[in-house]
Amino acid sequence: MDNFDLSRRLAAEALGTGILVATVVGSGIMAETLTKDVALALLCNTLPTGAILVVLITVLGPISGAHFNPAVTLVFTGKRELPVQEALLYVVAQIAGGIAGTMAAHLMFGLPILDISMKVRTGGAQWFAEAVAAFGLVATILGGIRFLRNAVPWLVGLYITAAYWFTASTSFANPAVAIARSLTNTFAGIRPIDLPGFIVAELLGAILASLLMNWLLGRPAVRGPVPIAETSR
């Protein structure tokens with residue numbers, strides 16, 4: 001990231017979030033067009049999302065860090081790896097890029113450029129699911145960076161693919177994406193009135209994951225389990 005100026009990093013964040021949202025919304029529209037089976041439609045929505053995350057993080061990660069997510073930006077700001085002023089600009093870029101992604105998906109499928117969602121997503125179970133989704137995402141990112149940085153794109157893509165199915169909310173795990181999805185009355189949509197619960201849950205989940213992983217990944221006070229390679233000597 002140090003090799004790229006702020007304007008390029010912001011452009012990468014906007015572009016990445018935009019393509020991510022276009023994939024989420026566009027694949028949902030395509031799925032609804034092809035099938036009335038909700039489970040199959042969800043699968044059609046899941047696979048492109050996981051796949052595009054691998055691509056986007058691999059290509060844009062070296063430029064901006066590939067946050068594409070205000071919750072992730074919050075975590076790295078808390079770790080003092082991103083100045084507060086830059087973090088605020090990251091969040092603006094992510095939200096703007098996400099909205100542009102919804103607009104692009106609508107244009108590709110001949111829908112109104114923006115269409116406020118009427119899809120109900122609310123309640124304690126949904127909020128808890130979003131906290132779990134964001135918690136797992138941040139834990140995956142921080143653990144991946146610590147132990148196998150080059151695998152982070154795959155780890156995130158695979159995590160989101162799984163979380164689509166084991167969370168009741170289908171794992172938004174991203175306030176910017178949630179905002180963008182409130183502007184599409186399609187398979188991936190969420191009512192604007194339901195956004196606050198989702199966003200608060202996502203941020204709380206991210207903060208809890210950061211606190212836990214900072215402790216978990218800290219330098220151990222005592223020697224841990226002996227690696228298998230050493231026991232064979």
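In this report, the structure presented in the accompanying data block is examined. (Residues numbered from 1 in each chain as written. Predicted model: local features only at pLDDT ≥ 70, side-chain atom pairs only at ≥ 80, totals over all residues. Heavy atoms only, no water.)

Some words on the overall build of the chain
As a reminder, the rule being used: Comment: elements are numbered from the N terminus, with helices defined as DSSP H or I runs of at least four residues and strands as E runs of at least two. The globule rule used for comparison is 2.2 Å times the number of residues to the exponent 0.38, while the radius of gyration itself is calculated over C-alpha atoms.
Each helix and strand counted, the chain has nine helices and zero strands in total. Going from the N terminus to the C terminus, the chain shows its helices and strands as α-α-α-α-α-α-α-α-α. Relative to its length of 233 residues, the chain is compact, with a C-alpha radius of gyration of 18 Å against a globular reference of 17 Å. Counting only C-alpha atoms and orienting by the principal axes, one finds that the chain spans roughly 65 × 40 × 30 Å.

Points about the nonpolar core
Selection rule: Remark: nonpolar core denotes a set of buried residues (Ala, Val, Leu, Ile, Met, Phe, Trp, Tyr, Cys) joined through side-chain atoms within 4.5 Å. Throughout this description, buried means an accessible area under 20% of the type-specific maximum (1.4 Å probe, protein chains only), exposed means over 50%, and partly exposed covers the range between.
Counting 43 residues, the largest nonpolar core has Leu20, Leu137, Leu142, Val156 and Ile160 as its most contacted members. Contributions of two or more residues to this core are made by helix H1 (6-34), helix H2 (38-64), helix H3 (70-78), helix H5 (124-147), helix H6 (152-166), helix H7 (175-181) and helix H8 (195-216). If you tally residues by element for this core, the top one is H2, at eight residues.

A word on the side chain of Thr140
Worth spelling out the cut-off: Any N or O atom pair separated by 3.5 Å or less is treated as a polar contact, with the protein-specific requirement of one donor-capable and one acceptor-capable atom, and with residues adjacent in sequence counted only for side-chain atom pairs. Here, residues are in contact when the closest pair of their heavy atoms is within 4.5 Å.
For Thr140, the location among the structural elements is in helix H5. We classify Thr140 as buried; its relative accessible area is 19%. Among the polar contacts listed, one links the side chain of Thr140 to the backbone oxygen of Gly136, at a separation of 2.7 Å. Filtering out sequence-adjacent residues up to four positions away, Thr140 remains in contact with Leu155, Val156 and Tyr159.

A look at the packing of aromatic side chains
We count it as follows: Here a Phe, Tyr or Trp ring, Trp counted by its six-membered ring, pairs with any other such ring whose centre lies within 6.5 Å, and the pair is stacked when the planes are under 30 degrees apart, edge-to-face when over 60, and tilted otherwise. Whether a charge sits over a ring depends on NZ of Lys or CZ of Arg being within 6 Å of the ring centre and within 35 degrees of the ring normal.
Applying the stated criterion across every chain, the model contains two aromatic pairs. Plain terms: the ring middles of Tyr159 and Phe166 are 6.2 Å apart, the flat faces sit at 75° to each other, and that makes the pair edge-to-face. Taking NZ or CZ as reference, Lys119 lies 4.7 Å from the ring centre of Phe187, over its face. Here the guanidinium or amino end of Arg181 rests over the ring plane of Phe172, the centre of that ring lying 3.6 Å away.

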